[in-house]
Amino acid sequence: MVYAEVRLLNGDVFVVEGTLDEVESKLSDAARSGQSRLAWFTQHGTDASVGVNPAHVASLKVAEGR
């Protein structure tokens, strides 16, 4: 499985399942859908879902060492 690291403006970091292209696509889709839309991902190491507001994303990169 491939993972991406999503870093938010407040410093929180989420490691989520997906390639950079997949994660970026979900973030872009949510951003185009409206201000209050979230992009939903599965967090690494859990079955938990996390919703990310695309307006709060500071950076996106490949998660190293996962």
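Okay, so let's go over this structure. (Residues numbered from 1 in each chain as written. Predicted model: local features only at pLDDT ≥ 70, side-chain atom pairs only at ≥ 80, totals over all residues. Heavy atoms only, no water.)

**Focus on the overall build of the chain**
Here is the rule: The helix and strand labels rest on DSSP assignments: H or I over at least four residues marks a helix, E over at least two residues marks a strand, and numbering proceeds from the N terminus. Each radius of gyration is computed over the set of C-alpha atoms, and the globule rule expresses the reference value as 2.2 Å times the number of residues to the power 0.38. Relative accessibility decides the category of a residue: with a 1.4 Å probe and only protein chains considered, values under 20% of the type maximum give buried, values over 50% give exposed, and everything between is partly exposed. Surface accessibility in these figures is a Shrake-Rupley result with a 1.4 Å probe; residues are shielded only by whichever protein chains are displayed. Positive charge is attributed to Lys and Arg, negative charge to Asp and Glu, and no charge count is given to His or to the chain ends. Where a charge lies is defined by one atom per residue type: Lys uses NZ, Arg uses CZ, Asp uses CG and Glu uses CD.
Helices and strands together make up the secondary structure of the chain, namely one helix and five strands. Moving toward the C terminus, one meets the helices and strands of the chain in the order β-β-α-β-β-β. In terms of overall dimensions, the chain is globule-like: its C-alpha atoms have a radius of gyration of 11 Å, near the 11 Å expected for 66 residues. A burial count over the chain gives 29% of its 66 residues as buried. For the chain, the accessible area works out to roughly 4,300 Å², and carbon and sulfur atoms hold 46% of it. Distance between charge centres in the chain, computed from 6 positive and 9 negative side chains, equals 4 Å.

**Comments concerning the side chain of Glu-5**
Defined as follows: Throughout this description, a polar contact denotes any pair of N or O atoms lying within 3.5 Å of each other; where both atoms belong to protein, one of them has to be capable of donating a hydrogen while the other can accept it, and for residues adjacent in sequence the pair is counted only when both atoms sit in side chains. Contacts were defined at the residue level, with two residues in contact if any of their heavy atoms lie within 4.5 Å.
Take Glu-5: it is sitting in strand S1 (residues 3–8). In this structure the side chain of Glu-5 is engaged in a polar contact, spanning 3.3 Å, whose partner is the side chain of Arg-7. Setting aside its immediate chain neighbours within four residues, Glu-5 contacts Val-13, Phe-14, Val-15, Ser-59, Leu-60, Lys-61, Val-62 and Ala-63.

**Describing the nonpolar core**
Rules: The criterion is simple. A nonpolar core is a set of buried Ala, Val, Leu, Ile, Met, Phe, Trp, Tyr and Cys residues joined through side-chain atoms within 4.5 Å.
In this structure, Ala-4, Val-6, Leu-8, Phe-14, Val-16, Val-23, Leu-27, Ala-30, Ala-39, Phe-41, Val-50 and Val-52 together form the largest nonpolar core, which totals 12 residues. Listed by contribution, the elements that provide at least two residues to this core are S1, strand S2 (13–17), helix H1 (20–33), strand S3 (39–42) and strand S4 (49–52). If we ignore the near neighbours within four places in the chain, the residues touching Ala-4 are Phe-14, Val-15, Val-16, Gly-18, Leu-20, Val-23, Leu-60, Lys-61 and Ala-63.

**With respect to the pairing of S4**
We apply this condition: When DSSP finds two or more bridges between two strands, those strands count as paired.
Alternating positions in S4 separate cleanly, Val-50 and Val-52 being buried on one face and Ser-49 and Gly-51 remaining unburied on the opposite face. In this sheet, S4 lies alongside S3 in antiparallel orientation, the contact comprising four bridges. Following the sheet pairing, Thr-42 is matched in S4 by Ser-49. What sits between the antiparallel neighbours S3 and S4 is a turn of six residues, in which Gly-45 has the positive phi angle 80°.

**Some remarks on the sheet that holds S2**
The criterion, for reference: Here the axes come from fitting lines to C-alpha atoms, over the contacting stretch only for helices, and the angles between their N-to-C directions go from 0 to 180 degrees.
If you walk across this open sheet you meet the three strands as S2-S1-S5, and the pairing is antiparallel. Whereas interior strands pair on both sides, the edge strands pair on one side only; in this sheet they are S2 and strand S5 (57–62). Sheet twist, expressed as the mean angle between neighbouring strand axes with direction ignored, is 25°.

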